[in-house]
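# Geometric and topological summary
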Amino acid sequence: MIENSRIALTIGTALDRFIKNHQEEFKYATGELSQILRDIALSGKVVNREINRAGLINLSGNMGSLNMAGDNQQKLDVLANIRFTRALTKGGEVCAIVSEEEDDIIEVNKDANYVIAIDPLDGSSNIDVNVSIGTIFSVYRRVSEVGTPVTEEDVLQPGINQVAAGYVLYGSSTMLVYTTGSGVNGFTYDPTLGEYFLSHQNMVIPEDGKIYSVNEGSYNSFSPPVKAFVDDCRDKNISGRYIGSLVADFHRNLLKGGIYGYPATAKSPNGKLRLMYECNALAFVIEQAGGKASTGEQRIMEINPADIHQKTPIFIGSKKMVERVEAFHKEMAKVAQD
Ligand code: P6P
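Residues numbered from 1 in each chain as written. Predicted model: local features only at pLDDT ≥ 70, side-chain atom pairs only at ≥ 80, totals over all residues. Heavy atoms only, no water.

### As for the overall build of the protein
We count it as follows: The secondary structure listing takes helices from DSSP runs of H or I that are at least 4 residues long and strands from runs of E that are at least 2 residues long, numbered from the N terminus. Each residue's exposure class comes from its accessible area (1.4 Å probe, protein chains only) as a fraction of the maximum for that residue type: buried when under 20%, exposed when over 50%, partly exposed otherwise. Throughout, a residue-residue contact means that at least one pair of heavy atoms, one from each residue, lies within 4.5 Å. Only the protein chains shown count as covering a residue, and every accessible area follows the Shrake-Rupley method with a 1.4 Å probe. Positive charge is attributed to Lys and Arg, negative charge to Asp and Glu, and no charge count is given to His or to the chain ends. Charge positions come from single atoms, namely NZ of Lys, CZ of Arg, CG of Asp or CD of Glu.
The number of helices and strands found in the protein is 9 helices and 15 strands. Across its three principal axes, the protein shows a C-alpha extent of roughly 70 × 60 × 45 Å. For the protein, the residues scored as buried account for 53% of the 338 residues in total. In the protein, the proportion of contacts linking residues at least 24 apart, taken out of those at least 6 apart, comes to 63%. When the accessible surface of the protein is summed, it comes to about 15,200 Å², and 48% of that surface belongs to carbon and sulfur atoms. Here the protein holds 33 positive side-chain charges and 42 negative ones, and the gap between their average locations is 5 Å.

Right, dumping it as structure tokens:
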């Protein structure tokens with residue numbers, strides 16, 4: 001008799017089952033957050049399909065409009081924004097959405113408990129050249145009373161208040177990576193089954209790394225501590241890897257160890273990346289995976305947001321590498337004081 005395991009390979013844990021099995025880990029385990037994760041997973045499948053066919057169904061290129069950041073909106077930016085905001089609205093568990101593609105807060109269901117901050121499609125200028133791109137999301141519980149209109153306090157919360165966060169990476173394979181505060185897990189999408197399956201359980205970033213991801217074209221406008229850090233990476237022959245797509249660089253560094261930095265530059269004096277729907281979300285993931293996320297002087301998740309689209313400098317990745325950036329900042333601040 002042929003042993004079953006030789007003919008029937010086990011299929012991994014499907015996302016839905018994983019969410020159900022781990023619901024009790026979440027302190028507000030009432031199924032609402034599970035619904036939000038399902039809404040995001042579903043939208044990721046739809047966006048994945050549209051990205052893969054973009055060149056064939058005239059979805060490449062830009063809309064000829066600008067988003068809040070003044071970036072050219074790619075057609076897929078707008079489409080991804082529609083897919084995610086519609087799915088989250090239909091899911092019924094969200095009272096407000098902040099999106100990179102929307103100037104103002106989208107008020108959804110005042111009887112719901114959760115606020116979502118999302119970059120529906122980051123790095124979309126890479127679509128036409130077939131480079132991996134991603135969706136980044138952050139989940140908060142509202143602070144005002146359910147049933148009342150959403151307030152600014154519900155939305156402008158520091159990253160330490162996040163109850164979940166993660167990203168969808170549309171790469172050589174499509175992955176959903178998220179945390180609800182009990183570690184980080186990665187799911188790989190199987191398009192033949194239309195399901196995400198657990199492929200990277202309890203992801204942990206190496207404490208130190210041999211990769212740094214910075215746009216060195218801006219080196220001349222970096223501050224002295226940032227220049228000192230980049231020089232130190234060069235002196236140590238650390239590999240420079242910069243794809244120009246945050247989620248792709250972040251994910252590689254999470255798996256292999258490394259650091260991604262987008263510091264203040266002449267063109268972006270406050271950095272380029274958005275606190276609410278890029279930096280906080282990835283900071284929650286990296287801290288849950290044993291890494292760090294800092295401006296060089298302050299923990300990203302402790303920044304109190306003043307504006308839904310505000311930017312921040314960021315260094316994120318292996319703990320020891322981020323600590324080296326912080327040490328250069330501290331050292332040079334002391335010299336400047338003396
Ligand atoms: P630069 C894409 O526009 C993005 O927001 C990130 O995905 C990426 O890491 C960064 O900007 C690239 O910016 O100025 O280096 O081209």
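Next comes the rest of the account.
### A few points about the packing of aromatic side chains
How we decide: Working definition: a ring pair exists when centres of Phe, Tyr or Trp rings (six-membered ring for Trp) sit within 6.5 Å. Plane angles under 30 degrees give stacked, over 60 give edge-to-face, the rest tilted. A ring is scored as having a charge over it whenever the NZ atom of a lysine or the CZ atom of an arginine sits within 6 Å of its centre and within 35 degrees of its normal.
Across all of its chains, the model carries 6 aromatic pairs by this definition. Relative to F250, the ring of Y167 lies with its centre 5.6 Å away and its plane at 85°, an arrangement referred to as edge-to-face. With a gap of 83 residues between them, Y167 in strand β7 (residues 164-170) and F250 in helix α7 (residues 246-256) connect regions that are remote in the sequence. Here the two residues Y167 and F250 agree in accessibility, since each one is buried. Pairwise contacts between aromatic rings join F18, Y178 and F187 into one cluster. The side chain of R234 reaches across the aromatic face of Y219, ending 4.7 Å from its centre.

### Some remarks on the side chain of T174
Put simply, the rule reads: The definition of a polar contact used here is a pair of N or O atoms within 3.5 Å, where within protein one atom must be able to donate a hydrogen and the other to accept one, and adjacent residues in sequence count solely through side-chain atom pairs.
You can see T174 is positioned in strand β8 (residues 174-179). At a separation of 2.5 Å, a polar atom in the side chain of T174 contacts the side chain of N48. When neighbours within four sequence positions are excluded, T174 is seen to be in contact with N48, V168, L169, F187, T188 and Y189.

### As for the nonpolar core
Generally speaking, a soluble globular protein has its nonpolar side chains buried in company with each other. Note the threshold: We call a set of buried Ala, Val, Leu, Ile, Met, Phe, Trp, Tyr and Cys residues a nonpolar core when their side-chain atoms join them within 4.5 Å.
In this structure, L121, V139 and Y178 are the most contacted members of the largest nonpolar core, which totals 38 residues. In terms of residue count, the dominant contributor to this core is helix α3 (residues 32-53) (7 residues). Non-local contacts of L121, meaning those with residues more than four positions away in its chain, are made with V47, I51, L76, D77, A80, I127, I133, G134, T135 and Y170. Counting residues in hydrophobic clusters, the runner-up holds 32 residues, among them Y167, L246, L275 and A281.

### A word on the site of the ligand
Rules: Being near a molecule or strand, for a residue, comes down to having at least one heavy atom within 4 Å of it. Both site types are read off a 1 Å grid over the protein atoms alone. A 1.4 Å probe that fits but cannot get out defines a cavity, while an open set with protein on both sides within 12 Å along at least five of seven lines defines a pocket; lining residues have an atom within 4 Å of a point. Just a note on the criterion: a molecule sits in a pocket or cavity if more than half of its atoms are within 2 Å of the grid points. Under this grouping Gly is polar, as are all residues other than the nonpolar Ala, Val, Leu, Ile, Met, Phe, Trp, Tyr, Cys and Pro and the charged Asp, Glu, Lys and Arg.
In the region of the ligand, the neighbouring residues are D122, G123, N215, Y242, G244, S245, L246, Y260, Y262, K272 and L273. Within the side chain of Y260, an N or O atom sits 2.7 Å from an oxygen atom of the ligand. Interatomic distance of 2.6 Å between a side-chain N/O atom of Y262 and an oxygen atom of the ligand. About the coverage of the ligand: the protein hides 81% of its 400 Å² of free accessible area. Judged by its atoms lying within 2 Å of the grid points, the ligand is housed in the largest pocket. Partitioned by chemical class, the residues of the shell around the ligand number 5 nonpolar, 4 polar and 2 charged.

### A look at the domain arrangement of the protein
Definition in use: Source of the domain bounds: an automatic or database domain assignment. Note on definitions: buried area is the accessible-area loss of two parts on being combined, 1.4 Å probe, summed for both. Here, a salt bridge means any side-chain nitrogen of Lys or Arg that lies within 4 Å of a carboxyl oxygen of Asp or Glu.
Each assigned domain of the protein is listed with its residue range as follows: domain 1 (2-200) and domain 2 (211-337). Between the C-alpha centres of domain 1 and domain 2 the distance comes to 24 Å. Each partner contributes residues to the interface: domain 1 has 46 residues there, and domain 2 has 31 residues. Interface of domain 1 and domain 2: buried area, both sides summed, is about 2,800 Å²; carbon and sulfur atoms make up 68% of it. Looking at the side of domain 1 facing domain 2, the largest losses of area belong to I136, L156 and Y167, adding up to 21% of the total buried there. Run the count over domain 1 and domain 2 and you get 0 salt bridges. When contributions to the side of domain 1 that touches domain 2 are tallied by element, the ones reaching two or more residues are β3 (94-99), β5 (114-122), β6 (133-141), β7 and β8. Per-class residue counts for the side of domain 1 that touches domain 2 are 24 nonpolar, 16 polar and 6 charged.

### Remarks on the packing of α3 against helix α4 (residues 75-91)
Note the following rule: Comment: axis = line fitted to C-alpha atoms, over the contacting stretch for helices; angle = value between 0 and 180 degrees taken between N-to-C directions. Any angle that falls under 35 degrees is termed roughly parallel, while one over 145 is termed roughly antiparallel, one within 65 to 115 roughly perpendicular, and all others oblique. Crossing handedness: left-handed means the near helix sits turned counterclockwise from the far one by under a right angle, and right-handed means the same turn made clockwise.
In contact at an axis separation of 9 Å, α3 and α4 are set at 155° when each is read in the N-to-C sense. Viewed along their axes, α3 and α4 adopt a mutual orientation that is roughly antiparallel. In terms of crossing hand, the pair formed by α3 and α4 is right-handed. Facing Q35, I36, D39, I40, S43, G44, V46, V47, E50 and I51 of α3, the residues of α4 in contact are L76, L79, A80, R83, F84, A87, L88 and G91. Its residues placed into classes, the contact of α3 with α4 shows 11 nonpolar, 4 polar and 3 charged.

### Some remarks on the side chain of D119
By the element assignment, D119 lies in strand β5. Buried charge D119 goes without a salt bridge, the closest partner of opposite sign being R274 at 7.7 Å. Apart from the residues within four sequence positions on either side, D119 is in contact with E100, G134, T135, I136, Y277 and E278.

### Description of the sheet that holds β3
The criterion, for reference: Whether two strands pair depends on DSSP finding at least two bridges between them.
Spatial strand order, β4-β3-β5-β6-β7-β8-β9-β10: 8 strands in an open sheet with mixed pairing. Lying at the two open borders of the sheet, with one neighbouring strand each, are β4 (106-107) and β10 (195-200). Here 5 bridges tie strand β9 (residues 184-190) to β10, and the two strands are oriented antiparallel to one another. Each bridged residue has a counterpart across the sheet, and for D190 the counterpart in β10 is E195. Helix-sheet contacts for α4 involve β3, β4, β5, β6 and β7, and the interaxial angle to β5 is about 155°. Along the sheet, α7 contacts β5, β6, β7, β8 and β10; its crossing angle with β7, the most-contacted strand, is approximately 105°.

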